[in-house]
Every structure is written in structure tokens, then in C-alpha cells.
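For reference, the chains in residue letters:
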Amino acid sequence: MSRYFSRKYSELEPYTPGEQPQNMERLIKLNTNESPFPPSEKSLRYARENTRSLNLYSDPNCVALTKKIAETYCVDPDMVLATNGSDEILNFAFMAFTDKDNPALFADITYGFYPVFAQLNGTPFETIPLKDDFSLCIDDYTGRKGTVFIANPNAPTGMALPKSEIERLVAQDPDRVVVVDEAYVDFGGESCVDLTMRYPNILVCQTFSKSRSFAGGRLGYGIGSKDLIADLNTIKYSTNPYNINSMTAAMGVGILDDQGYYSANCRTIMENRVYTTEELRNLGFTVLDSKANFIFMSSNRIDGEDYYIELKKRGIIVRHFNKARLSNWCRVSIGTRESMEAYIKATRDILGEVV
Ligand code: PMP
């Protein structure tokens, strides 16, 4: 830290993203929940033909993309805000809806960026422990003051709550905002987007990074009541009005124009998830029921970190979290059938060596 660094950030512990190796040859990358499938030719063509000239600033209102997202979800365009990845809408939500009187509330095991956003914004936060089986109990949030952040499906567990449970929380207390992070919802979860039409205090955040093969394009969005979106726009126009570049904005429209391709990929990933889960369970692993494009597993035959290291030696990168309660677990993104077969083969090999 230089002596010039603002003291307000001296305690800040930044988020650690998963490894992004430069040399991908012979590596199977199952560590950051990207799609194994490229974007469709049709959406790429759309982006090539419709990108606003790059000598001009991008459209700060993102009119075409916002309209397309609104049409896709049957909401009004002023209920939508597009952002630079969903990380940005989440940060905007921390900026807009938390402060010392409205601390952030979230699970002890959830997306690792939430505590970072809270610290960055100088907001107090409280973590609410998941149950021993990693399930989240909505009643644990009842009567606590603060803005709730729930990843549904949760990360890194992949476990999902039904919409009715989230609705119970949203309806309980109209004085607080509930932010539902649906980064992984397209892999079998139940979306809460339609609740945004009926409740003024729910913000749903989604992304193009997982189900839409566009992690590198950095595109996310929030859907909520007009008033919530107006607040978030105040934050956006006070930080970076041109937060979406023109190529990404055009590609977003192209992707939403070719939903069939992306939905088919999600179905394939869900099939591969079933295959991988069954194989691992047959090998004695505990695998949580996942509604995401990853699974979370542990085994009493091998320590979580050792398993991660052994897989890496065999060219397969998964994610291990050095955190209490999680140290014996690994998170594995679901890739192509071929990758998952190679991963299971490597796992058999590893277990053969240690038993
Ligand atoms: N929410 C959750 C739960 C995530 O795991 C991620 C991916 N790291 C994000 C949000 C952010 O994704 P992106 O910024 O790529 O949209």
C-alpha cells in the first residue's frame, strides 16, 4: 500500500477472482462457471452489423438493449438497468440501498463479493449462517433490519430456494429492499422477475456471463420497480454513464434474439450436471443438489484442497475455497460432456492413488 492510498480503504480486502490461465492448451477449465459453448454465429453477426460506430460514445441509456431485455421479461423498459457485468449492478445496489441504518444482510456462505462491496461502500454487514445442510432459512432474516442480498441459486453451493420463499421475505417487510442475485437461474432455478411487477422492494440481478456464453463481454442487468431503477441510475450517472460499451450492447441484443441456441446449451449443461453428479455419488462423494452450472462436492476419501491440487496436476482446474466450513469442498463448473468425462476419469485416477 502506498502512503497515498486513502485511509478509508486501508482495511479493504479485494475480491479474488478464479484463475484465468493464459495458456489454455490441454487445460480443462472448470473453475469460474463460464459456459463451455461459444456465443452463437447469429448473435455475433448481429453485433458486427449493429455496433454503433466506435468513434462515438456508447449510448448511455442503452436504449435498444434495455428495450430488448424488457421485452424478453415482459416488463417496462424503465424497470431495467443494464450494467457492466452483474457485479456492477450488485455494487450499485450496495451503494444505493445500504448505509449505517440499513446494513447489508447475507448468508455466511454465498458470493464472496458481497462483503467486499459492503466494505468498499463503508456499509456495516451481518452474515447469517446457513443451516448445517447449507440450506437458507428465510425466517432467519425476519425481524432483522437491513437490506438483504440472496444469491438464488446460491454460490458456491448451487442450492436454490423456491420463488414462494423469496416472496415471503419480500412481502414481510415493505420497508426494506431484497436483492435477488439470479446469476445462475437459467439452469433450473425459479426466477423472481415477475415479483418486480407486484412489489416495489425487490431487485432481481441477472447476467449474460453464464447461460449466455458472454462472460468476456461483461454484461449484466437489474430488474426492479421504476423507483429502484431510478435510484440505481442516479448511482450509474454519478460513476460511469457509459458503463456498457457499444460492442457489448449490440451483442446483448443479438444474444436475446437467439434464445433458442442459449436455452439448448443450458439443457445440455443440466444433462451433464446429472451425469457428473451421479458419477461422483457412485464414487462416494457428497454432492449437493445443484440448480446451477456447477456442483459443490466433498468426500471423506480425500481432503478438498488435496483433490483440487491433484486435479490441477492432471490439467483440470476447479475452485477450492480456503474458508472455514468449506475447506473440504470443491466447486466444479459443468462443461461439455467430453470435459466432464475427462474430469471423472481424473477423479477415479486420483482416488485410485489415495485409497
Ligand atoms: N453473482 C454470483 C453469485 C456470481 O457467482 C457471479 C460470478 N462471479 C456474479 C454475480 C457476477 O457475474 P458477472 O459480473 O460476470 O455478471
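Residues numbered from 1 in each chain as written. Predicted model: local features only at pLDDT ≥ 70, side-chain atom pairs only at ≥ 80, totals over all residues. Heavy atoms only, no water.

Chemist: Just give me the short version of the pairing of strand 5 (residues 147–151), but keep the residues and values in it.
Modeler: Judged by how many residues are buried, strand 5 sits mostly within the fold: 5 of 5 residues are covered. Residues Thr147, Phe149 and Ala151 point to one face of strand 5 and Val148 and Ile150 to the other, with burial holding for every one of them. Direction of pairing for strand 3 (residues 104–107) relative to strand 5: parallel, over a ladder of 2 bridges. If you follow Ala104 over to strand 5, its bridge partner there is Thr147. For the crossover from strand 5 across helix 5 (residues 163–172) to strand 6 (residues 178–181), the handedness is right-handed. (Buried < 20%, exposed > 50% of the residue type's maximum accessible area, 1.4 Å probe, protein only. Helix = DSSP H or I, 4+ residues; strand = E, 2+ residues; numbered from the N terminus. Pairing = 2+ DSSP bridges. Right-handed = clockwise from strand over helix to strand, strands pointing away.)

Chemist: So what about the site of the ligand? Which residues, and what values?
Modeler: Taken together, Gly85, Ser86, Asp87, Leu90, Tyr111, Asp181, Ala183, Tyr184, Thr207, Ser209, Lys210 and Arg218 are the residues near the ligand. Within the side chain of Tyr111, a nitrogen or oxygen atom sits 3.1 Å from a nitrogen atom of the ligand. Here the ligand loses 91% of its free accessible area of 400 Å² to cover by the protein chains. Sorting elements by how many residues they give to the shell around the ligand places helix 3 (residues 85–97) first, with 4 residues. (Near = heavy atom within 4 Å. Polar contact = N/O pair within 3.5 Å; in protein donor to acceptor, adjacent residues only side chain to side chain. Areas by Shrake-Rupley, 256 points an atom, 1.4 Å probe, with all protein chains shown as cover.)

Chemist: Lay out the packing of helix 3 against helix 6 (residues 226–239) with the relevant residues and their values.
Modeler: Each packed pair of helices is defined by two parameters, the angle between the axes and the distance between the axes. One can describe the packing of helix 3 onto helix 6 by two numbers: an axis separation of 9 Å at closest approach and a directional angle of 105 degrees. With respect to their mutual orientation, helix 3 and helix 6 come out roughly perpendicular. Residue-level contacts link Ile89, Phe92, Ala93, Met95, Ala96 and Phe97 of helix 3 to Leu228, Asp231, Leu232, Ile235, Lys236 and Thr239 of helix 6. Residue composition of the contact of helix 3 with helix 6, by class: 9 nonpolar, 1 polar and 2 charged. (Axes fitted to C-alpha atoms, helices over the stretch in contact; angles between N-to-C directions. Parallel < 35°, antiparallel > 145°, perpendicular 65-115°, else oblique. Contact = heavy atoms within 4.5 Å. Nonpolar A, V, L, I, M, F, W, Y, C, P; charged D, E, K, R; others polar.)

Chemist: Any chance you could break down the sheet that holds strand 8 (residues 220–224) for me, citing the residues and the numbers?
Modeler: Pairing is mixed across the open sheet formed by 7 strands, whose spatial order is 2-8-7-6-5-3-4. Single-partner strands in this sheet number two, and they are strand 2 (80–83) and strand 4 (125–128). Strand-to-strand, the axes of this sheet are offset by a mean angle of 20 degrees, without reference to chain direction.

Chemist: If you had to explain helix 6 to someone new, which residues and values would you point to?
Modeler: Helix length check: helix 6, at 14 residues, gives a terminal C-alpha distance of 20 Å against a target of 20 Å (1.5 Å per residue), a fit within 8%. Packed against the buried residues of helix 6 are strand 2, helix 3, strand 7 (202–207) and strand 8. (Expected span 1.5 Å × (residues − 1).)

Chemist: How would you explain the side chain of Thr207 if you had to name every residue and give the values?
Modeler: Positionally, Thr207 belongs in strand 7. Since its relative accessible area comes to 4%, Thr207 is described here as buried. At a separation of 2.9 Å, a polar atom in the side chain of Thr207 contacts the main-chain amide nitrogen of Ser209. A polar contact of 3.4 Å, which involves the side chain of Thr207, links it to the backbone oxygen of Leu219.

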